Amino acid sequence: EAGVAQSPRYKIIEKRQSVAFWCNPISGHATLYWYQQILGQGPKLLIQFQNNGVVDDSQLPKDRFSAERLKGVDSTLKIQPAKLEDSAVYLCASSRIEVLAGVNFGPGTRLLVL
Amino acid sequence: AQSVTQLDSHVSVSEGTPVLLRCNYSSSYSPSLFWYVQHPNKGLQLLLKYTSAATLVKGINGFEAEFKKSETSFHLTKPSAHMSDAAEYFCVVRTFGNEKLTFGTGTRLTIIP
């Protein structure tokens, strides 16, 4: 099966600019996650979708971050405006609904905010 | 609530010697447990998973892990380290009814030639 696709792979922006990341999960995977991984740390969940509904967005900084999952397939994560501390790798992952299923991660988008 | 504690932030072993990466978990219900590996500038790759079947789980690249409910542990082992094993390893827990993945802080494995 094809893996989780993400684009772009790298992005450099200045603070206060906006940026958007795109994710295409594995076909048939109902659950989609966005994680933020700051250098030297483990991934932190930003938002979790099941189909096109939000399951958990408790750690999403909603004043600047937004995410949507159109038609329960692709997803977009946006940051507006970006801050220096948003520099990180943004990982998209997907899985089947069953909790016993493994979770597949995409290659990530590396964001640098200057 | 669920959580994961990786007991060592950094482990160094000589090539050809055994590897032990320690993980303890906390979960209100029967958990699923995973080990992921992340090589520098690469994505996360699933090494192995425990899903309430056999308590000794075999993964890729010669790694295995044993689920011990009494000790709430899921330690990762490999009999003989290879240079290509140098990477960051994450222990992850997922609980029925809450499909959220909770990551440990990671263990950086260094292999000494």
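Coordinates for the structure precede this section.
Remember, predicted model here, so these are calculated numbers, not experimental data.

Draft legend 1. Quick look at the overall build of chain B. Secondary structure summary: chain B contains zero helices and twelve strands in total. Put simply, chain B runs from its N terminus to its C terminus through helices and strands in the order β-β-β-β-β-β-β-β-β-β-β-β. Computed over the C-alpha atoms, the radius of gyration of chain B is 13 Å, within 12% of the 13 Å expected from 2.2 N^0.38 for a compact globule of 113 residues. Here the C-alpha coordinates of chain B stretch approximately 45 × 30 × 20 Å along the principal axes. By residue count, 45% of the 113 residues in chain B fall in the buried class. Long-range contacts, defined as pairs at least 24 residues apart, comprise 56% of the intrachain contacts of chain B with a sequence gap of at least 6. Of the charged side chains in chain B, 10 are positive and 8 negative, and the gap between their average positions amounts to 6 Å.

Draft legend 2. Just the layout of surface pockets, in detail. Within this model, the largest pocket holds a volume of roughly 560 Å³. As for the largest pocket, its lining consists of 26 residues, of which Gln37, Leu39, Val89 and Arg110 of chain A together with Asn41 of chain B are closest to the centre. For the lining of the largest pocket, the secondary structure elements donating two or more residues are strand E9 (88-95) and strand E11 (109-113) of chain A together with strand E10 (87-95) of chain B. Looking at which element gives the most residues to the lining of the largest pocket, the answer is E11 of chain A, with four residues. Residue composition of the lining of the largest pocket, grouped by class: eleven nonpolar, ten polar and five charged.

Draft legend 3. Region of the structure containing the pairing of strand E2 (residues 10-14) of chain B. All names here are of chain B. The two faces of E2 differ: Val11 and Val13 on one face are buried, but His10, Ser12 and Ser14 on the other face are not. The pairing of E2 with strand E12 (residues 107-112) spans five bridges and is parallel. Following the sheet pairing, Ser12 is matched in E12 by Thr110.

Draft legend 4. Highlighting the pattern of salt bridges. All names here are of chain A. By the definition in use, this model includes six salt bridges over all chains. Between Lys62 and Asp57 there is a salt bridge whose closest N-O contact spans 3.7 Å. We classify Asp57 as partly exposed; its relative accessible area is 26%. For Arg64, the salt bridge goes to Asp86, with nearest N and O atoms at 2.5 Å. One end of the pair, Arg64, is in the loop between strand E6 (53-56) and strand E7 (65-69); the other, Asp86, is in the loop between strand E8 (75-79) and E9, and 22 residues separate them in sequence. Of the two residues examined, Arg64 and Asp86, each falls in the buried class.

Draft legend 5. Representation of the interface of chain B and chain A. Of the residues lining the interface, 19 residues belong to chain B; the matching set on chain A comes to 25 residues. Between chain B and chain A the total buried area reaches about 1700 Å² when both faces are included, carbon and sulfur atoms providing 52% of it. Inspection of the region where chain B meets chain A yields zero salt bridges. Our count for the chain B to chain A interface comes out at five residue pairs in polar contact (both at pLDDT 80 or more). Listing elements by their share of the side of chain B that touches chain A, those giving two or more residues are strand E5 (31-38), strand E6 (44-50), E10 and strand E11 (98-103) of chain B. Considering only residue class, the side of chain B that touches chain A consists of seven nonpolar, eight polar and four charged.

Scoring rules and cut-offs
- Residues numbered from 1 in each chain as written.
- Chains lettered and ligands numbered in written order.
- Predicted model: local features only at pLDDT ≥ 70, side-chain atom pairs only at ≥ 80, totals over all residues.
- Heavy atoms only, no water.
- Helix = DSSP H or I, 4+ residues; strand = E, 2+ residues; numbered from the N terminus.
- Rg over C-alpha atoms; globule rule 2.2 N^0.38 Å.
- Buried < 20%, exposed > 50% of the residue type's maximum accessible area, 1.4 Å probe, protein only.
- Contact = heavy atoms within 4.5 Å.
- Lys, Arg positive; Asp, Glu negative; His and termini not counted.
- Charge placed at Lys NZ, Arg CZ, Asp CG, Glu CD.
- 1 Å grid on protein atoms, 1.4 Å probe; cavity = no way out; pocket = protein on both sides within 12 Å on 5 of 7 lines; lining within 4 Å.
- Points joined across faces, edges and corners; volume = space filled by probe spheres on them.
- Nonpolar A, V, L, I, M, F, W, Y, C, P; charged D, E, K, R; others polar.
- Pairing = 2+ DSSP bridges.
- Salt bridge = Lys/Arg side-chain N within 4 Å of Asp/Glu carboxyl O.
- Buried area = accessible area lost by both parts, 1.4 Å probe.
- Polar contact = N/O pair within 3.5 Å; in protein donor to acceptor, adjacent residues only side chain to side chain.

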